[in-house]
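Observations on the model geometry
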Amino acid sequence: WHEIIMEPILDTLTQSTRPQRRPSQRVIQAIDQFCRQKEWAMNVGDEKGMHHVVNPATVLELGTYCGYSTVRIASLLPPTPIARQIIAWAGLQDKVQLVEEASGDWIPKMRTEFGVETFDLVFLDHWKDRYLPDTKLLEDCGLLRKGSVLLADNVIFPGTPEYLEYVRSSPQYESQYFQSHLEYTKVEDGLEKSVYLD
Ligand SMILES: O=c1[nH]cnc2c(O)cc(-c3ccc(F)cc3)c(-c3ccc(F)cc3)c12
Ligand SMILES: [Mg+2]
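The text that follows walks through the structure, step by step, so that each part is easy to find. (Residues numbered from 1 in each chain as written. Chains lettered and ligands numbered in written order. Predicted model: local features only at pLDDT ≥ 70, side-chain atom pairs only at ≥ 80, totals over all residues. Heavy atoms only, no water.)

Membership of the largest hydrophobic core comes to 20 residues, with the highest contact counts inside it found for L124, L144, L150, Y163 and Y173. Residue assignment for this core shows that the elements contributing at least two residues are β1 (119-124), α8 (131-140), β2 (144-152) and α10 (161-169). The leading source of residues in this core is α10, at four residues. (Core = buried A, V, L, I, M, F, W, Y, C linked by side-chain atoms within 4.5 Å. Buried < 20%, exposed > 50% of the residue type's maximum accessible area, 1.4 Å probe, protein only. Helix = DSSP H or I, 4+ residues; strand = E, 2+ residues; numbered from the N terminus.)

We now examine the pattern of salt bridges. Applying the stated criterion to the full structure yields eight salt bridges. Close ionic contact of R111 with E117 constitutes a salt bridge, the shortest N to O distance being 3.9 Å. Its relative accessible area of 33% is what places R111 among the partly exposed residues. Look at E117 and you get exposed, because its relative accessible area is 54%. D125 is paired through a salt bridge with K128; the nearest N and O atoms lie 3.8 Å apart. The partly exposed category is assigned to D125, whose relative accessible area is 39%. Under the relative-accessibility criterion, K128 is labelled partly exposed at 22%. (Salt bridge = Lys/Arg side-chain N within 4 Å of Asp/Glu carboxyl O.)

This part covers the pairing of strand β4 (residues 188-196). Both β2 and β4 contribute to a ladder of four bridges, which runs antiparallel. Opposite A152, over in β4, you have E192 as the bridge partner. Bridge count for strand β3 (residues 173-181) against β4 is nine bridges, and the pairing is antiparallel. Bridge pairing links Q176 to K193 in β4. Counting the residues between successive antiparallel strands, the hairpin from β3 to β4 contains six residues, one of them, Y184, with a positive phi of roughly 65 degrees. (Pairing = 2+ DSSP bridges.)

Listed below in structure tokens is the structure:
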């Protein structure tokens, strides 16, 4: 459902100036042309045909040089998730680490995998039944500090009653509701902002 919805969003973004089809191929062609006509370089080149030999999903490249074979190999990989394409289209790919795993599995690994000490902001906008367990996990993993902000979407619709009860009754949080509407509708919804006081 999400891919079906997100594809048209990406198309809308890229419609105006659809980039060259498969820009990676144009990069390779340009480097090959330069190295044939102007200056030899130790790229794997356009004749050895690695793309006929492999069909990878995860790759380790040893020896990147100018990135020529990196581009060749990466262009063989499965299509990039739509979200990653949209983030890259916004030019924010260097600021975003996209993790495609369950939140409950990755929150305990944030410190070791990404060197995160604590989060200034946690935006909760995933499965509604994960808001509370993931909040408790963030607390238990020491990933919140005095002043960390939890900002939760959909606290009214579809609704997250257990989460709301927790952050509004816990002495560890100062909570405030910002009333609004479910996106693009007239249905009531809103954001709950909870500041961690511990
Ligand atoms: O799941 C959501 N995660 C994060 N934000 C959401 C949001 O802002 C809105 C909705 C939403 C969709 C359809 C509708 F009629 C009312 C609300 C959902 C959601 C809920 C149940 C679903 F089955 C699938 C989507 C989410
Ligand atoms: Mg939402």
